There are 2 protein chains.
Amino acid sequence: MTADRLRFSGQRFAVEYHLDGSTDEARRRADLLCIDQTVEAADHVIPDGPIRNELLGRVEHVEGVGEGVHAALLTFPVELLDGTMSTLLHMSFGMASLQGGVRLANLILPDAALTRIPGPRLGVDGLRAQLEVSARPLLCTVLKPLGLSPDALAELAYEFALGGVDLIKDDQSLGDHPFCPFEERVARCAEVIAAASKKTGRPCLYAPHISGPWPTLLERAAQAKQLGAGALLICPGLTGYDAVAALSGLAALSLPLILHPDFLGSHYVSRDSGIAPSVLFGLLPRLAGADISIYPTYGVGYPVTQADCRGIAQACRTELRTLARTFPTAAGRMNASRIQEMTALYDSDVVFILGSDIRRDPTHIRNACRTFLRLLERR
Amino acid sequence: MTADRLRFSGQRFAVEYHLDGSTDEARRRADLLCIDQTVEAADHVIPDGPIRNELLGRVEHVEGVGEGVHAALLTFPVELLDGTMSTLLHMSFGMASLQGGVRLANLILPDAALTRIPGPRLGVDGLRAQLEVSARPLLCTVLKPLGLSPDALAELAYEFALGGVDLIKDDQSLGDHPFCPFEERVARCAEVIAAASKKTGRPCLYAPHISGPWPTLLERAAQAKQLGAGALLICPGLTGYDAVAALSGLAALSLPLILHPDFLGSHYVSRDSGIAPSVLFGLLPRLAGADISIYPTYGVGYPVTQADCRGIAQACRTELRTLARTFPTAAGRMNASRIQEMTALYDSDVVFILGSDIRRDPTHIRNACRTFLRLLERR
């Protein structure tokens, strides 16, 4: 039994795992991950030659990074990637995820892998240009609660848009319910946002939520664009990351993509397993083509730290070949009292996502938006 | 701002969460989940009337189920479901997943919700009929390792099929690599398996791995069927569960679906967050249309217990309206020494998945398969 068609360039991508246990255990587990993350087979079925010598993972180093935790850097041939998110996720954490006590801490892709990944279509610079906002943080408000009719949501959207916000997104709970059908909601909201935008003289992008089975999500995306939506909201935890990459790659669509973390929590809430927030909410969304990545902010009860948020922002915006930068966000019970703290952490390339707080006084929503924008400009 | 189009039948589906903390904390968190899992909004933006009275989750009861753990049963209107897996996952665990210390323990769907979910196309009875195996556990072997050429894998497939196994599946690592292209692999393996099946006079289904972006996975499924594949292997952790439901719903395809847990580990490895194995590996696959659900077996180092496996099997096979039953599996470094233990646990409606062990003697693979089958018949 041969593997005579294997040809490896010698270029490898790196995956950093955090492993529970002693140094000896960490070394043993790292060695096993080299096998489990590639051939997942017992030694007697691994042929000598290129499979054993080149295809298997290689432990580049193992070092302690905390009490009973070791970082193991493994590398794998780039030929095992194919430019899709599914294969990237499988190759970095597919079987490892099942073991427990293993955390995906980082992914380092060489140019040979990155050339197949287009990344965000617009990114920070493209979205700023489209919104005509050169310097300040962006402001995005949310249409909620679930249960309102399209007209009621449009009424709210109109206030937000008159208030001058940059983006208005659906709540992730809005779908295609009989009491709030997708088409009617998108048509009504896009219409009033366009009208308000004409009055203010400022662009304002509406992002309907399109998650659902394929091809429904693609039909929703196309319909949204046709009805005047300026962006799209999607939950990769529900649709898979490749759905995001597919939408990002559609030249005919060409709308900014906002990613929401719905159903992704299991990957990050336990600190000794799952995926580091910088990878889950920073690198993966960026590789999939997110222009904006939403995740919970530290300090309001979610198991996220300030350091996690800093790591996410870095993964969103650090130089990565020619990939555009993704906007990190200040989201999750966000309000004006945290502007200084958030801009100190993120600088100005961040999107503030405002849900309920901006509506404390329901008769002055547009003024509350204007006030928040002034605070963002003056910070 | 009104919600004048809301109409609720009063029928509700139930979600059981396990919550960390004291009884008071559990009650407080359950109350919050009623909001977070529906409108995810502050009190001042929730209008009085049907949204507050009917749309929000309701805590039906909270009770202690262990040291510092409480089970909270919440119900939600069935009108918030739409028959898709994305909406079901969002409604049961979308925002809850982000909190930590919350585990999705069970999902109870009334007929009003189940009528929109077809479930497995074949299930236990249909697959048994197709394989002409009325009573004994089924036997599935695995084509691996990654790195072998289509010819080398076909050579192995031929031995397995001559050995009389019921199913032969790709390893989840096999994709569409230059050294083992999907089309060539499926054509070669399906061809030799058909030839061997003719010799043995016994059906043997080949399940190629088709995970990938949509529409690639759909193209692979159609191509696989056309080339003679008798089943399909797919990883919902990579593709999303709706991809499984979509494949299951395609009458023109009509191939048994085998689900693999690749990349799903984060959901179950931490016992105080994520999703109970019975839901993750039993109920969700069945609702999505899996005929066979693969997951790690207890006793070989994965954080899975015997009770977990029993719970998975029950969710796979318990009466659930008219939904066909899904085969649970004995998988993960499985070998003949565990047959008694596995059939004591699962009874005969189980699929043994054999990876490396059946190939200990590479010159006697077909005999090893025959021996294993005899052991399954005699157990």
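Along each chain, the written sequence defines residue order, and numbers are assigned to residues from 1. Chain letters and ligand numbers both follow the written order, the letters beginning at A and the numbers at 1. Under the rules for a predicted model, residues below a pLDDT of 70 receive no local features and side-chain atom pairs below 80 are neither given nor counted, while totals for whole chains, interfaces and linings still include all residues. For side-chain calculations, the full set of non-hydrogen atoms in the structure is used, while hydrogens and water are omitted.

Asker: Is there a simple way to explain the overall build of chain A in this structure?
Answerer: Here a strand is any run of E in DSSP of at least two residues, a helix any run of H or I of at least four, and the numbering for each starts at the N terminus. Broken down by element type, chain A carries 14 helices and 13 strands. Computation of the radius of gyration draws on C-alpha atoms alone. For the globule rule, the value is 2.2 Å times the number of residues to the power 0.38. Here the C-alpha radius of gyration of chain A, 22 Å, is about what a compact globule of 379 residues would show, namely 21 Å. Overall size of chain A, expressed as C-alpha extent along the three principal axes, is 70 × 40 × 35 Å. Looking at chain A as a whole, 64% of its 379 residues are labelled buried. Any pair of residues with heavy atoms lying within 4.5 Å of one another is described as a contacting pair. Considering only contacts within chain A whose residues lie at least 6 apart along the sequence, 75% involve residues at least 24 apart. Roughly 12,900 Å² of accessible area belongs to chain A as shown, and the carbon and sulfur atoms make up 49% of that amount. Side-chain charges in chain A split into 37 positive and 42 negative, and the spacing between the mean points of these groups amounts to 7 Å. Each residue is assigned to one of three classes by its accessible area relative to the maximum for its type, calculated with a 1.4 Å probe on protein chains only: buried under 20%, partly exposed between the two thresholds, exposed over 50%. Per-residue and other accessible areas follow the Shrake-Rupley method at a 1.4 Å probe size, with only the shown protein chains counted as cover for residues. Positive: Lys, Arg. Negative: Asp, Glu. His and the chain ends are not part of the count. Throughout, a charge is located at the NZ atom of Lys, the CZ atom of Arg, the CG atom of Asp or the CD atom of Glu.

Asker: Got a minute to help me understand the interface of chain A and chain B in this structure?
Answerer: By a widespread convention, an interface's size corresponds to the accessible area lost as its parts come together. Of the residues lining the interface, 79 residues belong to chain A; the matching set on chain B comes to 79 residues. Two parts placed together each lose some accessible area under a 1.4 Å probe, and the buried area is that loss summed for both. For the pair chain A and chain B, the two sides together bury roughly 6,600 Å², of which 61% comes from carbon and sulfur. Take a side-chain nitrogen of Lys or Arg and a carboxyl oxygen of Asp or Glu: if they are within 4 Å of each other, that pair is a salt bridge. Taken together, chain A and chain B are joined by 4 salt bridges. Residue Lys144 of chain A is joined to Glu40 of chain B by a salt bridge in which the shortest nitrogen-to-oxygen separation is 3.9 Å. Identification of polar contacts relies on pairs of N or O atoms within 3.5 Å, with a donor-acceptor requirement for protein atoms, meaning one able to donate a hydrogen and the other able to accept it, and with residues adjacent in sequence counted only if both atoms are side-chain atoms. Seen at the junction of chain A and chain B, the total is 20 residue pairs in polar contact (both at pLDDT 80 or more). Looking at the side of chain A that touches chain B, the elements with two or more residues in it are helix 2 (50-55), helix 3 (85-93), helix 6 (150-162), helix 9 (236-239) and strand 10 (274-275) of chain A. Split by residue class, the side of chain A that touches chain B holds 37 nonpolar, 27 polar and 15 charged. In this count, Pro and Cys sit with the nonpolar residues alongside Ala, Val, Leu, Ile, Met, Phe, Trp and Tyr, while Asp, Glu, Lys and Arg are called charged and the others, Gly among them, polar.

Asker: Explain the sheet that holds strand 2 (residues 58-66) of chain A to me, please; I cannot follow it from the model alone.
Answerer: Hydrogen bonds along the backbone pair up the strands of a sheet, which may run parallel or antiparallel. Residue and element names in this part refer to chain A. Pairing between strands is defined by DSSP: at least two bridges between the two strands are required. Reading across from one edge, 2-3-1-4-10 is the order of the 5 strands in this open sheet, with mixed pairing throughout. Looking along the sheet, the strands with just one partner apiece sit at the ends: strand 2 and strand 10. All axes here are fitted lines through C-alpha atoms, helices being fitted over the stretch that makes contact, and every angle between N-to-C directions spans 0 to 180 degrees. Each of strand 1 (12-20), strand 2, strand 3 (69-77) and strand 4 (102-108) is contacted by helix 1 (residues 23-36), which is oriented at about 20° to strand 3, the strand it contacts most. Contacting strand 4 and strand 10, helix 11 (residues 277-288) crosses the sheet at an angle of about 35° to strand 4.

Asker: Whenever I open this one, the sheet that holds strand 1 (residues 12-20) of chain B confuses me. Can you help?
Answerer: All names here are of chain B. Sheet architecture is open: 5 strands sit in the order 2-3-1-4-10, paired in mixed fashion. The strands lining the two open edges of the sheet, one partner per strand, are strand 2 (58-66) and strand 10 (274-275). Strands in contact with helix 11 (residues 277-288) are strand 4 (102-108) and strand 10; relative to strand 4, the strand with the most contacts, it is inclined by about 35°.

Asker: Where do I start with the side chain of Thr84 of chain B in this structure?
Answerer: Along the chain, the position of Thr84 of chain B falls in the loop between strand 3 (69-77) and helix 3 (85-93). For Thr84 of chain B, a relative accessible area of 18% translates into the label buried. Separated by 3.0 Å, the side chains of Thr84 of chain B and Thr87 of chain B make a polar contact. Excluding residues within four positions of it along the chain, Thr84 of chain B makes contact with Pro213 of chain A together with Asp242 of chain B.

Asker: What should I look at first to understand the packing of helix 11 of chain B against helix 12 (residues 306-317) of chain B in this one?
Answerer: Angle between the axes and distance between the axes: these two values describe a pair of packed helices. All names here are of chain B. Contact pair helix 11 / helix 12: the axes reach a minimum separation of 8 Å and the direction vectors enclose 20°. Taken together, helix 11 and helix 12 sit at an angle that is classed as roughly parallel. The handedness of the crossing between helix 11 and helix 12 comes out as right-handed. Residues Pro277, Ser278, Phe281, Gly282, Leu283 and Arg286 of helix 11 form the contact with helix 12, whose own contacting residues are Asp308, Gly311, Ile312, Ala315, Cys316 and Arg317. Partitioned by chemical class, the residues of the contact of helix 11 with helix 12 number 6 nonpolar, 3 polar and 3 charged. Between 65 and 115 degrees an angle is taken as roughly perpendicular, under 35 as roughly parallel, over 145 as roughly antiparallel, and anywhere else as oblique. By convention the crossing between two helices is left-handed if the near helix lies anticlockwise of the far one by an angle smaller than a right angle, and right-handed if it lies clockwise.

Asker: How should the packing of helix 6 of chain A against helix 7 (residues 182-200) of chain A be read in this particular structure?
Answerer: Residues and elements named next belong to chain A. One can describe the packing of helix 6 onto helix 7 by two numbers: an axis separation of 8 Å at closest approach and a directional angle of 25°. Relative to helix 7, the element helix 6 lies roughly parallel. In the packing of helix 6 onto helix 7, the handedness of the crossing is right-handed. The residues of helix 7 that touch helix 6, namely those facing Pro150, Asp151, Leu153, Ala154, Ala157, Tyr158, Ala161 and Leu162, are Glu184, Arg185, Arg188, Cys189, Val192, Ile193, Ala195, Ala196, Lys199 and Thr200. Grouping the amino acids of the contact of helix 6 with helix 7 by side-chain chemistry returns 12 nonpolar, 1 polar and 5 charged.

Asker: Just to check I follow, could you spell out the relation of the copies chain A and chain B for this structure?
Answerer: For the pair of chain copies, the relating transformation is a rotation about an axis with a translation along it. Overlay of chain A on chain B (RMSD 0.0 Å): rotation 180°, translation along the axis 0.0 Å. Classification of the inter-copy transformation places it as that of a two-fold axis. Among all residues of chain A, the minimum C-alpha distance to the rotation axis is found for Gly240 of chain A, at 2.5 Å. Looking at chain A, 100% of its interface residues are interface residues in chain B too, so the copies touch through the same face. The fit set for superposing copies consists of C-alpha atoms from residues with pLDDT of at least 70 in both; the fit itself is least squares.

Asker: Just checking my understanding: could you explain the environment of Leu89 of chain A for this structure?
Answerer: Within the fold, Leu89 of chain A resides in helix 3. For Leu89 of chain A, the contacting residues outside a window of four places in its chain are Gly94, Tyr241 and Leu284 of chain A together with Leu238 and Phe263 of chain B.

Asker: Sorry, what's going on with the domain arrangement of chain A here?
Answerer: All names here are of chain A. Note that domain bounds follow an automatic or database assignment of domains. With domains assigned, chain A is organised as domain 1 (12-114) and domain 2 (123-378). Centre-to-centre, using C-alpha coordinates, domain 1 lies 33 Å away from domain 2. Across the boundary between the two partners, domain 1 contributes 17 residues, which contact 22 residues of domain 2. Here domain 1 packs against domain 2, burying approximately 1,500 Å² in sum over the two surfaces, 63% of which is carbon and sulfur. Looking at the side of domain 1 facing domain 2, the largest losses of area belong to Met85, Arg103 and Leu114, adding up to 48% of the total buried there. Inspection of the region where domain 1 meets domain 2 yields 0 salt bridges. Taken together, domain 1 and domain 2 are joined by 8 residue pairs in polar contact (both at pLDDT 80 or more). Looking at the side of domain 1 that touches domain 2, the elements with two or more residues in it are helix 3, strand 4 and helix 4 (111-114). It is strand 4 that provides the largest number of residues to the side of domain 1 that touches domain 2, a total of 6 residues. The residue makeup of the side of domain 1 that touches domain 2, split by class, is 10 nonpolar, 4 polar and 3 charged.

Asker: Hey, could you run me through helix 3 of chain B in this one?
Answerer: Because each turn of an α-helix spans 3.6 residues, side chains separated by three or four positions in sequence point in the same direction. Within helix 3 of chain B, 9 of the 9 residues are buried, which leaves the element mostly enclosed by the surrounding structure. For helix 3 of chain B, every residue scored as buried is listed here: Met85, Ser86, Thr87, Leu88, Leu89, His90, Met91, Ser92 and Phe93 of chain B.

Asker: What is the right way to look at helix 14 (residues 365-378) of chain A in this model?
Answerer: Residues and elements named next belong to chain A. Its 14 residues give helix 14 an end-to-end C-alpha distance of 20 Å, which sits within 8% of 20 Å, the value for a rise of 1.5 Å per residue. Within the span of helix 14, buried status applies to Ile365, Cys369, Phe372, Leu373 and Leu376. Seen along its axis, helix 14 keeps its buried residues to an arc of 100°; they face one direction. Exposed side of helix 14, more than 90 degrees from the buried face: Glu377 and Arg378 are the residues found there. Given the number of residues in a helix, its expected span is that number minus one, multiplied by 1.5 Å. The directions from the helix axis to the C-beta atoms form the arc being described.

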